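Residues per chain, in single letters:
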Amino acid sequence: MSGLALLDYASVLVFALTGALVASRAQLDLVGFAFIACLTAVGGGTVRDLLLNRDPIFWVGQPDYILIAVGAAVLVFFTAHLVESRYNWLVWLDSFALSVAVAAGTGAALSLGQSGVIVVLMGISTGCLGGLMRDVVCNEVPLVLKQGELYVSCAFAGALTAVVANRLGFEELIALGACALICWALRAGSLLFGWQLPVYKSRPPRQ
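Attention in this report is confined to the structure presented alongside it.

### Considering the environment of Leu186
Examined against the element boundaries, Leu186 turns out to sit in helix α8 (residues 172-193). Leu186 sits in the partly exposed class, given a relative accessible area of 26%. Those residues in contact with Leu186 that lie beyond four places of it in its chain are Leu150, Cys154, Ala157 and Trp195.

### Details of the nonpolar core
If you look at soluble globular proteins, the nonpolar side chains tend to sit buried side by side. Val12 and Val76 are the most contacted members of the largest nonpolar core, which totals 31 residues. The set of elements that each furnish at least two residues to this core consists of α1 (3-25), α2 (30-52), α4 (64-79) and α5 (86-111). Non-local contacts of Val12, meaning those with residues more than four positions away in its chain, are made with Ala41, Val42, Phe58, Tyr65, Ile68 and Ala69. Counting residues in hydrophobic clusters, the runner-up holds 29 residues, among them Val100, Ala103, Ala104 and Cys183.

### What about the packing of aromatic side chains?
Throughout the structure, instances matching the rule amount to 7 aromatic pairs. Considering the side-chain rings of Tyr9 and Tyr65, the 4.3 Å spacing of their centres and the 25 degrees angle between planes classify their relative orientation as stacked. Here the residue Tyr9 occupies a position in helix α1, and Tyr65 occupies one in helix α4, the gap between them amounting to 56 residues. Across the pair, Tyr65 and Tyr9 agree in class, each one buried. Seen in terms of ring centroids, Phe193 and Trp195 are 5.9 Å apart; in terms of plane orientation they differ by 35 degrees. Their pairing is tilted. Overall, Trp195 belongs to the partly exposed group, its relative accessible area being 39%. The positively charged end of Arg48 is found above the aromatic ring belonging to Phe58, 5.2 Å away from the centroid.

### Some points on helix α6 (residues 116-137)
Over its 22 residues, α6 extends 32 Å from the first C-alpha to the last, a length consistent with the 32 Å expected when each residue adds 1.5 Å. Within α6, the axis deviates most sharply at Cys128, by approximately 30 degrees. Immediately downstream of α6, the backbone of Asn139 shows phi near 60 degrees, a positive value.

### Remarks on the environment of Glu149
By the secondary structure assignment, Glu149 is in the loop between α6 and α7 (152-167). Dropping the residues within four chain positions of it, Glu149 is found in contact with Arg187, Ser190, Leu191 and Trp195. Polar side-chain contacts of Glu149 include one of 3.1 Å to the side chain of Arg187.

### Considerations on the pattern of salt bridges
Counted according to the given criterion, the structure contains 7 salt bridges. Note that Glu140 is salt-bridged to Arg25, the shortest N-O span being 3.1 Å. On the criterion of sequence distance, the pair formed by Glu140 in the loop between α6 and α7 and Arg25 in helix α1 is long-range, its members being 115 residues apart. Here Glu149 and Arg187 are joined by a salt bridge, their closest N and O atoms 3.1 Å apart. Within this pair, whereas Glu149 is found in the loop between α6 and α7, its partner Arg187 is found in helix α8, the two being separated by 38 residues in sequence. A residue is classified by how much of its surface remains accessible, and Arg187, at 0% relative accessible area, is buried. Each member of the salt-bridge network shares a partner with another, and the members are Asp8, Arg48, Asp49 and Arg54.

Definitions and cut-offs
- Residues numbered from 1 in each chain as written.
- Predicted model: local features only at pLDDT ≥ 70, side-chain atom pairs only at ≥ 80, totals over all residues.
- Heavy atoms only, no water.
- Helix = DSSP H or I, 4+ residues; strand = E, 2+ residues; numbered from the N terminus.
- Buried < 20%, exposed > 50% of the residue type's maximum accessible area, 1.4 Å probe, protein only.
- Contact = heavy atoms within 4.5 Å.
- Core = buried A, V, L, I, M, F, W, Y, C linked by side-chain atoms within 4.5 Å.
- Phe/Tyr/Trp six-rings, centres within 6.5 Å; stacked < 30°, edge-to-face > 60°.
- Lys NZ or Arg CZ within 6 Å of the ring centre and 35° of its normal.
- Expected span 1.5 Å × (residues − 1).
- Bend = angle between axes of the 7 residues up to and from the residue.
- Polar contact = N/O pair within 3.5 Å; in protein donor to acceptor, adjacent residues only side chain to side chain.
- Salt bridge = Lys/Arg side-chain N within 4 Å of Asp/Glu carboxyl O.

Okay, structure coming up:
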């Protein structure tokens, strides 16, 4: 199994767990759990593959991804009540899923010889869109847009790190590892220490 496939499997599993946790907060039934878990798990990768014209789309070529997501949904359906703070588990699992998915999307674009701009955009799309779909469908405030937290900027920094490392001649595994590490470190710093970018504040118009 290739390194890129392992990254896809890891991101699908962890994102599916986050989707199921959000489904538990919305008190959905088992089918709803499976739907949200699958949507979250493969949403970003599906957009990535459509934009890159990859045929077949990763989970169509390997249905195991869907089975993993459904399995994660079933697991959370029967165990979510044991978790003291599902939201804390959600944001931390999401941070890991974001990091792995950004690396997966970045690696997929690099393997196709795409330009640096496209590689970065594919990393961001893969990492952010599944979680955005999850939160919108479940009527949650999207983590990707939550004020005062780094999210898309973490994905951008991670993907950019991989592009720079690749241009400097580092091996793919090292470049993608650095991508995931930088992305997760920034996201974790935002959650733990309140790291954030300046936000827009309206001012009275000048006379």
